[in-house]
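In case you want the letters, here they are:
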Amino acid sequence: MPRLTPTTVVRLASTTVALARIARGARREPPLATAAHRAARASTASVSVVVPARDEQDRLGPCLAALTAEPGVVEVMVVDDESTDGTVAVAAAHGVTVLAAGPRPQGWAGKTWALQRGVAAAAGDWVVTLDADTRIKSGFIDAAVSSAQSSRADLLTVGGRFDCSNTAERFLHPAMLSTLVYRFGPPGTRRPPRASRTLANGQCMVVPRRAFLATGGFEPVSHSLTEDVALARHIARGGGSVRFVDGANLLDVIGYGSASGAWTGWGRSLALADTTPVLSQVADLALLWAVVAAPLPRILLGRGDLLDALL
């Protein structure tokens, strides 16, 4: 048993908080599955898929190929955010609708403006937004939309399985991702966290188009670079229903391609700086330092104790 010094008390408290958050995973909702949802999907509801894209010619093709083969989709729309490569040509070659996002108004980030334009122009009752690096499997759209319908979600986001291309990224990516679980608990639990701790995944979002636009769509979070989490917390604060479901069986996401790419990519959003108050960020950093970062170095330096070994 470690000696109860002030440092140990802090470490024990941090461990207790982290374990309490992780334990919520015992009550996670089941993952998306095609058979369970195909019958539940309301046949009268039409679905549009919106893909915001900027300089995505190398990744867009496989995404669109899967979408155009998916049943139950009335349109697939690529919203081109002023690409300088062959993104538009790739989209046109797949026979999908191409919409130019156009110059974004002051105060809008590029992706939120592209998403807003796409949702506003879509024809479907429901809109599924997907990033260009996603790869759906057959039945995914039915499963995602029917899950949103059955739960009456104002926003449903789906987490996929990351396809990391090399060993270094396979270690680094989950290491980064797990820090979010320590900070906020696992997503998709039956009892959603309070609004300020809500998480979301902007790689796949599902919204009821008319109701979503009636409340402003992406405009309330137009400036945010972590628009998914900002939108989820905005909706939750207003009393709306926000859900995050596990779609790893039906949705793949192409990784960054290298450890350096993962480090840079995660570095842009991991702190959630534009959606999380500074004091909360400081508390999160202290918890991660005590529970995740420090134990192994302490053991290697010969200063570790039983708590470090358990962590």
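Visitor: Which residues make up the pairing of strand 2 (residues 75-80), and what values do they have?
Guide: Residues in a regular strand point their side chains to alternate faces of the sheet. With 6 of 6 residues buried, strand 2 lies mostly within the body of the structure. Covered by surrounding structure in strand 2 are Glu75, Met77 and Val79 together with Val76, Val78 and Asp80, the residues of both alternating faces. In this sheet, strand 2 lies alongside strand 1 (residues 47-53) in parallel orientation, the contact comprising 6 bridges. Looking at strand 2, one finds that Ser48 is bridged to Glu75.

Visitor: Can you tell me about the packing of helix 1 (residues 6-22) against helix 7 (residues 167-184), naming the residues and giving the values?
Guide: Close contact between helix 1 and helix 7 brings their axes to 7 Å; oriented N to C, the two are set at 100°. If you check the angle between helix 1 and helix 7, you find them roughly perpendicular. Between helix 1 and helix 7, the contacting residues are Ala18, Arg21 and Ile22 on the first element and Val181, Tyr182, Arg183 and Phe184 on the second. Of the residues contributing to the contact of helix 1 with helix 7, the split by class is 5 nonpolar, no polar and 2 charged.

Visitor: Can you lay out the sheet that holds strand 8 (residues 204-208) for me, pointing to particular residues and giving the numbers?
Guide: An order of 3-2-1-4-8-6-9 is seen for the 7 strands of this open sheet, with the pairing classed as mixed. Both outer strands of the open sheet, strand 3 (97-100) and strand 9 (242-246), are each paired with one neighbouring strand and no more. Strand-to-strand twist in this sheet, taken as the mean axis angle between neighbours without regard to direction, amounts to 25°. Pairing of strand 4 (residues 126-130) with strand 8 involves 5 bridges; the strand directions are antiparallel. Following the sheet pairing, Thr129 is matched in strand 8 by Met205.

Visitor: With reference to specific residues and values, describe the side chain of Thr157.
Guide: Among the secondary structure elements, Thr157 is positioned in strand 6 (residues 155-159). In this structure the side chain of Thr157 is engaged in a polar contact, spanning 3.2 Å, whose partner is the backbone nitrogen of Asn201. In contact with Thr157, other than residues within four places in its own chain, are Ala200, Asn201, Cys204, Met205, Arg243, Phe244 and Val245.

Visitor: Explain the environment of Arg183 to me, using residue names and the numbers behind them.
Guide: Along the chain, Arg183 turns up in helix 7. Judged by its relative accessible area of 5%, Arg183 is buried. Residue contacts for Arg183: discarding those within four places in its chain leaves Arg21, Arg197, Leu270, Ala271, Leu272, Asp284 and Leu288.

Visitor: Could you give an account of the sheet that holds strand 5 (residues 134-136), naming the residues involved and the relevant values?
Guide: What the 3 strands build is an open sheet, ordered 5-10-7; its pairing is mixed. Where the open sheet ends on each side, the last strands, each with one partner, are strand 5 and strand 7 (161-163). Each adjacent strand pair in this sheet contributes to an overall mean axis angle of 30°, direction not counted. Two strands pair when backbone bridges link them, and strand 5 and strand 10 (residues 251-254) are joined in this way by 3 bridges, in the antiparallel orientation. Its bridge partner being in strand 10, Arg135 is matched across the sheet by Asp252.

Visitor: Any chance you could break down the side chain of Thr15 for me, citing the residues and the numbers?
Guide: Tracing the backbone shows Thr15 in helix 1. With residues up to four places along the chain from it excluded, the contact list for Thr15 reads Val291, Leu307 and Leu311.

Visitor: Tell me about a nonpolar patch on the surface, and name the residues and values.
Guide: Taken together, the side chains of Leu296, Ile299 and Leu300 make up a nonpolar region of the molecular surface, amounting to roughly 320 Å² of accessible area. If you trace the backbone, Leu300 turns up in helix 12 (residues 295-300).

Visitor: Any chance you could break down unusual backbone geometry for me, citing the residues and the numbers?
Guide: A positive phi angle, near 55°, is found at Arg152, a position not held by glycine. On the accessibility criterion, Arg152 (73% relative accessible area) is exposed. Positive phi, close to 50°, is recorded for Leu272, a residue that is not glycine. Its place among the elements puts Leu272 in the loop between helix 10 (259-269) and helix 11 (278-293). Given a relative accessible area of 6%, Leu272 falls into the buried group.

Visitor: Let's hear about the environment of Ala20: which residues, and what values?
Guide: Counting through the fold element by element, Ala20 comes out in helix 1. Separated by 162 residues in the primary sequence, Ala20 and Tyr182 have C-alpha atoms spaced 9.4 Å apart.

The rules behind the values
- Residues numbered from 1 in each chain as written.
- Predicted model: local features only at pLDDT ≥ 70, side-chain atom pairs only at ≥ 80, totals over all residues.
- Heavy atoms only, no water.
- Buried < 20%, exposed > 50% of the residue type's maximum accessible area, 1.4 Å probe, protein only.
- Helix = DSSP H or I, 4+ residues; strand = E, 2+ residues; numbered from the N terminus.
- Pairing = 2+ DSSP bridges.
- Axes fitted to C-alpha atoms, helices over the stretch in contact; angles between N-to-C directions.
- Parallel < 35°, antiparallel > 145°, perpendicular 65-115°, else oblique.
- Contact = heavy atoms within 4.5 Å.
- Nonpolar A, V, L, I, M, F, W, Y, C, P; charged D, E, K, R; others polar.
- Polar contact = N/O pair within 3.5 Å; in protein donor to acceptor, adjacent residues only side chain to side chain.
- Patch = residues over 30% accessible without salt bridge, like charges linked within 9 Å, V, L, I, M, F, W, Y side chains within 5 Å.
- Areas by Shrake-Rupley, 256 points an atom, 1.4 Å probe, with all protein chains shown as cover.
- Salt bridge = Lys/Arg side-chain N within 4 Å of Asp/Glu carboxyl O.

Geometry only, nothing functional implied.
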